[in-house]
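These are the residues of each chain, in order.
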Amino acid sequence: MPKSAPVKLETGSKVPDFSATTTDGGVWRLRDAKGSKVVLFFYPKDMTSGCTVEAQQFRDLQAAFRKAGAIVVGVSRDSCASHRKFREKENLNYELLADTDESLCRLFDVIKEKNMYGKKVFGIERSTFLIDADGLLAQEWRKVKAEGHAAQVLTAVQAL
């Protein structure tokens with residue numbers, strides 16, 4: 001059976017329902033968040049400097065995101081065990097999804113070729129997606145710099 005072409009997510013388009021494994025081994029589904037805004041941020045790796053800064057800033061603004069009606073969810077290719085350690089170490093107050101099969105990364109087209117110490121590798125390009133309460137892609141940020149990004153996303157959530 002031929003593979004179907006990947007869905008091209010564009011601002012204003014419906015985000016297909018998806019599910020992924022949570023830190024505790026449960027399942028997080030987009031459809032379960034219907035009626036809430038969802039901030040889905042993709043980051044390269046648990047416990048690395050830029051990812052830690054970004055995760056801490058989303059943590060520190062969590063009350064404001066909730067007040068604005070948004071659920072914050074982080075995604076990387078790391079395992080649930082790695083996510084558990086990261087959440088505990090940084091006292092993260094939102095869910096992390098383990099996208100070990102890269103299905104979410106492919107859906108949101110965040111796997112990009114990178115240059116690591118002169119070697120070409122494929123990894124997650126730090127990106128964030130804002131999904132509105134009706135499941136439409138409201139805004140996206142790609143090639144994100146970690147510092148200050150969570151505050152920028154919060155401003156967009158509050159304006160939505």
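Before any of the text, the structure's been laid out above.
Residues numbered from 1 in each chain as written. Predicted model: local features only at pLDDT ≥ 70, side-chain atom pairs only at ≥ 80, totals over all residues. Heavy atoms only, no water.

**Quick look at the pattern of salt bridges**
To keep it simple, the criterion reads: Each reported salt bridge corresponds to a side-chain nitrogen of Lys or Arg within 4 Å of a carboxyl oxygen of Asp or Glu. Think of it in three bands: with a 1.4 Å probe and only protein chains considered, a residue is buried below 20% of the maximum accessible area for its type, exposed above 50%, and partly exposed in between.
One pass over the full model with this rule turns up nine salt bridges. The salt bridge involving Glu90 is made with Lys89; its shortest N-O contact spans 3.3 Å. Residue classification places Glu90 among the buried residues on the basis of a relative accessible area of 8%.

**Here's the deal with the pairing of strand β8 (residues 127-131)**
Using the following cut-off: Only DSSP runs of H or I reaching four residues or more are called helices, and only runs of E reaching two or more are called strands; each is numbered from the N terminus. Pairs of strands are assigned from DSSP output, requiring at least two bridges between the strands.
For β8, the tally of buried residues reaches five of five residues, placing the bulk of the element in the interior. Neither face of β8 is exposed, since Ser127, Phe129 and Ile131 on one face and Thr128 and Leu130 on the opposite face are all buried. Two elements, strand β3 (residues 37-42) and β8, share five bridges in a ladder whose sense is antiparallel. Residue pairing across strands places Val38 opposite Ile131, the latter belonging to β8. The sheet contact formed by β8 and strand β9 (residues 137-141) spans four bridges and is antiparallel. Within β9, the residue paired with Thr128 across the bridge is Trp141.

**Observations concerning helix α3 (residues 80-90)**
What counts here: In this description, the arc belongs to the directions extending from the helix axis to the C-beta atoms.
Residues Cys80, His83, Phe86 and Glu90 constitute the buried set of α3. Projected down its long axis, α3 carries its buried residues within an arc of 120°, all on one side. When the buried face of α3 is taken as reference, the exposed residues oriented beyond 90 degrees from it are Lys85, Glu88 and Lys89. After α3 finishes, the residue Asn91 shows a positive phi value of roughly 50°.

**Considering the packing of aromatic side chains**
Put simply, the rule is: Only rings of Phe, Tyr and Trp enter the pairing, Trp through its six-membered ring, and a pair is recorded when the two centres are within 6.5 Å. The plane angle decides the type: under 30 degrees is stacked, over 60 is edge-to-face, the rest tilted.
Under the criterion given, the structure shown has ten aromatic pairs. With centroids separated by 5.8 Å and ring planes inclined at 90°, the aromatic side chains of Phe42 and Phe129 adopt a geometry described as edge-to-face. Of this pair, Phe42 sits in strand β3 while Phe129 sits in strand β8, placing them 87 residues apart in sequence. The class for Phe42 is buried, based on a relative accessible area of 0%. With relative accessibility at 1%, the residue Phe129 sits in the buried group. When the ring of Phe108 is compared with that of Phe129, the centres are 4.7 Å apart and the planes differ by 50°; the resulting orientation is tilted. In this pair, Phe108 sits in the loop between α4 (103-107) and β6 (111-116) while Phe129 sits in strand β8, placing the two residues 21 residues apart along the sequence. In textbook terms, an aromatic cluster arises when at least three aromatic residues are bridged by ring pairs, as seen for Phe41, Tyr43, Phe58, Phe65, Phe86 and Tyr94.

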